[in-house]
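Listed below, chain by chain, are the residues.
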Amino acid sequence: MENGIDQKSEILLKAEHIDKKFPGVHALKDVSLELLKGEVHALLGENGAGKSTLINVLGGVFPPNSGEIFIEGKKTTIRNISDAQREGIAVIHQELVLVPYMSIAENIYMGREPKRNLVVDKTEMNREAEAVMKRVGLNRDPSTPVRELSIAQQQMVEIAKALSLDARILVMDEPTSSLTENEVNILFSIIRKLKADGVGIIYVSHRMSELFEITDRVTVMRDGAYIATKNTKETNADELVYLMVGRKVENYYTRNFREPGEVTLKVKNLSMKGLLDNISFEARAGEVVGFSGLIGAGRSELMQALVGLRKYESGTVEICGQLQNHQNYHKTIEKGIVLVPEDRKKLGLVLINHVAFNTTLAVLKEFMVRGTVNRKKENEIIDRAVKTLRIKTSGNEQKVGTLSGGNQQKVLIGKWLATNPEVLILDEPTRGVDVGAKADIYEIIDNLVQKGITIIMVSSDLNEVINMSDRVIVMKEGRITGTLKHEEINQEAVMHMATYEGGGNESNKENAG
Amino acid sequence: MNLIKKTLDEHSANPVVKYLKTNLGILTAFLIMFLFLTFASDKFLTVQNWINVARQISTNAVISIGVMSAILISGIDLTVGSVIALAGCVSVKLIENGTPILMGILTGVAVGTLSGIVTGMIIAYTKMPPFVVTLAMQNVGRGAAYLVANGAPIRCTTEAFEKMGTGYLGPVPNPVVYTVILMGLTWFILNKTQLGRHIYAVGGNREAAVFSGINIKKVEIFVYTYSGSLAAFAGVVLAARMASGQPAVGIGYETDAVAASVLGGASMTGGIGSVGGLIIGALVIGILSNGLNLLGVNSFWQYVAKGVVIIIAVYIDMIRKNKA
């Protein structure tokens, strides 16, 4: 299917001079946006640029202070979510909002279940659900509880729900952030189908390569203001980054490769029932070892096993020649191996507490001994993290939940660097992080390996793995299916190992095709 | 109000200012009640009345410490009321049967500690919801209290033991002295020790605490054990003050303790709360009862008033937090 759109396409949505103020923040400054029928329109900007606010204004979460919205040329006011629904606008949020214990059909028709004599007509509901599920290519029994679905399938349910509401304008906020390459391809084919049906899609994403693959136009925002709208075909990544950041970002990936040192981490025949099968690998000082694979390949589980957060049945882990016999994570930390977990909000940070609290949480014993608190030492630890990682805060007392995604990630990395690790495991270190902070994190990683730290980097972002790793280990279904040296790494090789190597299962092959 | 807020913002590094700022809502409520009662009753602002108020709130203040600690780790402790009764009965019975006074006191406290350890271990190892576990343990404790007391209050005739609850240190009643010491101890634990930070981390984000290498089970068992010990101590002091071990005492005390914690700014979802806030929370509950008594309001209406005040205070606090 063509990405280009008919010049004569009619305008589906037009938002003009939208202004939104919150106490102390001017979130949207005179922003305009235009969406055509059958267009995929990217909304691009760093965290805090105002994308979410704009989405929320369109979705009726909060009304704007001023500005006008036209739907198919007719002026409308959107004061709440039901106004937005009536106008055919549906928002698919980054964090999916489905009830896990209810069925697919119940989730799709929540609040407007088909009824017969006051009783919900389940047969009718399932039949109708099946019809919309077909439109998004979800081949499951509509009575399946949502908790049994993968993230990608749950997203399909959200899209199906939007379609069942006759949505003509679909807003997708970072729809691929927790999807594997395969699942992204499936999502894109759904998007192309919707496009052909004349649905307009506002697509928010940080991933540049996706924008070029799927969108027709890109609108860039910065600091709450409209910057520019470009035809995707007539622009390039450098220009978009420049518009987004407002300055040239040179050396997006910082990495100085050199010969790695001694072996610091040695894993032998590690197995975990149903999750990991006979995993063996080594990592050296001053080396970045990338871990690639589909979600569910067992990468995160392996990393959690290495630090002692999960028990494994057999195998050995050696750190700097010392055999690990760990039961508890707090003992493992002292050995010099730490994990910066994926999903910083859920597993990483205490969002309601401040920067200082979070940064020092793993090293309390360095300045708290038997009831005495060495404030000087404590502040040293915090200042070092803030300075070396260039964390932007209003002060050490700022609540972590109010920081941008990139700065939250830096606080999390800082927390673990404070333990002076030999081996630092980073699980999805740049997920949901804006371009500027991403470049910063790459630079931090490079600095750390220069100092002789071993970095294990689990990432679903192939470009990141390719550009940053000395070696890439590819996993599939709990097994290592291949290792690639830096000069051998390319997208095709990695994807091949992640999906086919060693006999793939049927559904994977099907999805890939 | 805006001017006050602005001035507070400018000096937010100062600990006193920080305290005023975080507890602005409840302090205002306290001040309004205080002023109203000062004018409405000529008995309110007298030394004798305030010594009474302080003594009356001491039981609630001590058990509130434990309940707030449980709330801080996003749990709850509903056992405190029955632990008060059980510990009081055990101590009085032992002392009346000739056990040395100190031994009797310590055994009473130990029984509460044991109850806390059991509660904490059940919660930590089975991962059952604290609400259910402590509700069940509340019944166990109440039953045990009646069994120890054979179903009727045990009279205490040992004057030296009674002194523990009725005596004074200078002009200050003993129970108030204990409360101050225990508040100080708790402040120390929460602010100056690793354990304290771990408590805030577990309540703020349990999974992040696990991924930070914090031993969650240890934190949970400590908190419920601490709460059990404090409630038992409060129970022994109360028994000394009343000169009897009463198996029916303390029913519904957990409500006042939860109220004091929440009024003091503790978040029911965990991770937020402080000893400073708790003191004000307990004071508000205390002068509310005292004030209504002085005004001659029917005691049944006092329950209604307490309930209404809790809802209003929490609602105001919620709005304030959403704005910030």
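Focus on the pattern of salt bridges
All names here are of chain A.
Phase 1: In the structure shown here, the tally under the stated rule is 29 salt bridges over all chains.
Phase 2: Where Arg192 meets Glu213, a salt bridge forms, and the shortest distance between an N and an O atom there is 3.8 Å. Of this pair, Arg192 sits in helix H6 (residues 181-196) while Glu213 sits in helix H7 (residues 208-214); the two residues are 21 residues apart in sequence, bridging distant segments of the chain.
Phase 3: With its nearest N and O atoms 2.8 Å apart, the salt bridge here joins Asp440 to Lys410. Of the two residues, Asp440 sits in helix H15 (residues 435-450) while Lys410 sits in helix H14 (residues 405-417), which places them 30 residues apart along the sequence.
Phase 4: According to the relative accessible area criterion, Asp440 is buried, its value standing at 16%.
Phase 5: Judged by relative accessible area, which is 3%, Lys410 ranks as buried.
Phase 6: One network of salt bridges, with partners in common, ties together Arg390, Lys410, Asp440 and Glu443.

Observations concerning the interface of chain B and chain A
Phase 1: Between chain B and chain A, the contact holds 23 residues from the first and 31 residues from the second.
Phase 2: Carbon and sulfur atoms make up 60% of the area that chain B and chain A hide from each other, which totals about 2100 Å².
Phase 3: Applying the counting criterion to the chain B and chain A interface returns 2 salt bridges.
Phase 4: The partner of Glu397(A) in a salt bridge is Lys18(B), and the shortest N-O contact between them spans 3.4 Å.
Phase 5: At the boundary of chain B with chain A, the tally comes to 8 residue pairs in polar contact (both at pLDDT 80 or more).
Phase 6: Counting residues per element, the ones that place at least two in the side of chain B that touches chain A are helix H9 (174-192), helix H10 (194-204) and helix H11 (206-210) of chain B.
Phase 7: At 6 residues, the largest contribution of residues to the side of chain B that touches chain A is made by H10(B).
Phase 8: Here the side of chain B that touches chain A is built from residues that sort into 8 nonpolar, 11 polar and 4 charged.

Digging into the sheet that holds strand S13 (residues 263-272) of chain A
All names here are of chain A.
Phase 1: The antiparallel open sheet is built from 4 strands, whose spatial order is S14-S13-S16-S17. The outermost strands of the open sheet, each flanked by one partner alone, are strand S14 (276-284) and strand S17 (322-323).
Phase 2: Pairing geometry for S13 and S14, over 6 bridges, is antiparallel. Paired with Val267 across the bridge in S14 is Phe281.
Phase 3: Against the sheet, helix H9 (residues 299-307) makes contact with S13, S14 and strand S16 (314-319), and its axis sits at roughly 115° relative to S13, the strand it touches most.

Concerning helix H1 (residues 51-58) of chain A
Residues and elements named next belong to chain A.
Phase 1: Counting buried residues along H1, 7 of its 8 residues qualify, which places the element largely inside the surrounding structure.
Phase 2: Those residues of H1 not exposed but buried are Lys51, Thr53, Leu54, Ile55, Asn56, Val57 and Leu58.
Phase 3: Two residues or fewer past H1, Gly60 is found with a positive phi of approximately 80°.

A look at the packing of aromatic side chains
Residues and elements named next belong to chain B.
Phase 1: Counted according to the given criterion, the structure contains 10 aromatic pairs over all chains.
Phase 2: Between the aromatic rings of Phe30 and Phe34, the centroid separation amounts to 6.2 Å while the plane-to-plane angle is 40°, which identifies the pairing as tilted. Within this pair, Phe30 and its partner Phe34 are both found in helix H3 (residues 24-40), separated by 4 residues, close to a single helical turn.
Phase 3: Residue Phe30 is classed as buried on the basis of its relative accessible area of 13%.

Details of the environment of Arg147(A)
Residues and elements named next belong to chain A.
Phase 1: Inspection of the secondary structure assignment puts Arg147 in the loop between helix H4 (122-135) and helix H5 (151-164).
Phase 2: Here Arg147 falls in the partly exposed class, since its relative accessible area comes to 47%.
Phase 3: What Arg147 contacts, discounting residues up to four positions off in sequence, is Pro100 and Tyr101.

Quick look at the domain arrangement of chain A
When the parts of a complex come together, some accessible area is lost, and that lost area is often taken as the interface size.
All names here are of chain A.
Phase 1: Under the domain assignment, chain A is made up of domain 1 (9-88 + 168-246), domain 2 (96-167) and domain 3 (264-512).
Phase 2: At the junction of the two partners, domain 1 supplies 13 residues and domain 3 supplies 19 residues.
Phase 3: Across the interface of domain 1 and domain 3, roughly 1300 Å² is buried in total on both sides, 57% from carbon and sulfur atoms.
Phase 4: On inspection of domain 1 and its partner domain 3, the count reaches 0 salt bridges.
Phase 5: The interface formed by domain 1 and domain 3 contains 0 residue pairs in polar contact (both at pLDDT 80 or more).
Phase 6: Counting residues per element, the side of domain 1 that touches domain 3 draws most heavily on H6, at 3 residues.
Phase 7: Each residue belonging to the side of domain 1 that touches domain 3 can be placed in one class, and the counts come to 4 nonpolar, 7 polar and 2 charged.

Describing a nonpolar patch on the surface
Phase 1: A cluster of nonpolar residues, Phe300(B), Trp301(B), Tyr303(B), Val304(B), Val308(B), Ile312(B) and Ile316(B), forms a patch on the protein surface that exposes about 790 Å² of accessible area.
Phase 2: Looking at where Phe300(B) falls in the secondary structure, it is placed in helix H15 (residues 299-323).

Some remarks on empty space enclosed by the protein
Residues and elements named next belong to chain A.
Phase 1: Counted according to the given criterion, the structure contains 6 cavities of 30 Å³ or more.
Phase 2: Approximately 130 Å³ is the volume found for the largest cavity.
Phase 3: Along the walls of the largest cavity sit 13 residues, with Arg207, Thr430, Arg431, Gly432 and Lys438 positioned nearest its centre.
Phase 4: Grouping the amino acids of the lining of the largest cavity by side-chain chemistry returns 1 nonpolar, 5 polar and 7 charged.

Thoughts on unusual backbone geometry
Trans peptide bonds make up the majority, and among non-glycine residues the majority have a negative phi.
Phase 1: The phi dihedral of Glu428(A) is positive, around 50°, even though this residue is not glycine.
Phase 2: Checked against the element boundaries, Glu428(A) lands in the loop between strand S21 (423-427) and H15.
Phase 3: Look at Glu428(A) and you get buried, because its relative accessible area is 9%.
Phase 4: Non-glycine residue Ser74(B) carries a positive phi angle of around 50°.
Phase 5: When you line up the elements, Ser74(B) lands in the loop between helix H4 (47-72) and helix H5 (80-96).

Here's the deal with the sheet that holds S21(A)
All names here are of chain A.
Phase 1: Spatially, 6 strands are ordered S18-S21-S22-S15-S23-S24 in an open sheet, and the strand pairing comes out mixed. The open sheet has two free edges, formed respectively by strand S18 (337-340) and strand S24 (479-485), since each of these has just one partner strand. Recorded for the sheet is a direction-independent mean angle of 20° between the axes of neighbouring strands.
Phase 2: Sheet topology note: the S18/S21 ladder contains 4 bridges and is parallel. Paired with Leu339 across the two strands is Ile425, which belongs to S21.

The rules behind the values
Residues numbered from 1 in each chain as written. Chains lettered and ligands numbered in written order. Predicted model: local features only at pLDDT ≥ 70, side-chain atom pairs only at ≥ 80, totals over all residues. Heavy atoms only, no water. Salt bridge = Lys/Arg side-chain N within 4 Å of Asp/Glu carboxyl O. Helix = DSSP H or I, 4+ residues; strand = E, 2+ residues; numbered from the N terminus. Buried < 20%, exposed > 50% of the residue type's maximum accessible area, 1.4 Å probe, protein only. Contact = heavy atoms within 4.5 Å. Buried area = accessible area lost by both parts, 1.4 Å probe. Polar contact = N/O pair within 3.5 Å; in protein donor to acceptor, adjacent residues only side chain to side chain. Nonpolar A, V, L, I, M, F, W, Y, C, P; charged D, E, K, R; others polar. Pairing = 2+ DSSP bridges. Axes fitted to C-alpha atoms, helices over the stretch in contact; angles between N-to-C directions. Phe/Tyr/Trp six-rings, centres within 6.5 Å; stacked < 30°, edge-to-face > 60°. Domains from an automatic or database assignment. Patch = residues over 30% accessible without salt bridge, like charges linked within 9 Å, V, L, I, M, F, W, Y side chains within 5 Å. Areas by Shrake-Rupley, 256 points an atom, 1.4 Å probe, with all protein chains shown as cover. 1 Å grid on protein atoms, 1.4 Å probe; cavity = no way out; pocket = protein on both sides within 12 Å on 5 of 7 lines; lining within 4 Å. Points joined across faces, edges and corners; volume = space filled by probe spheres on them.

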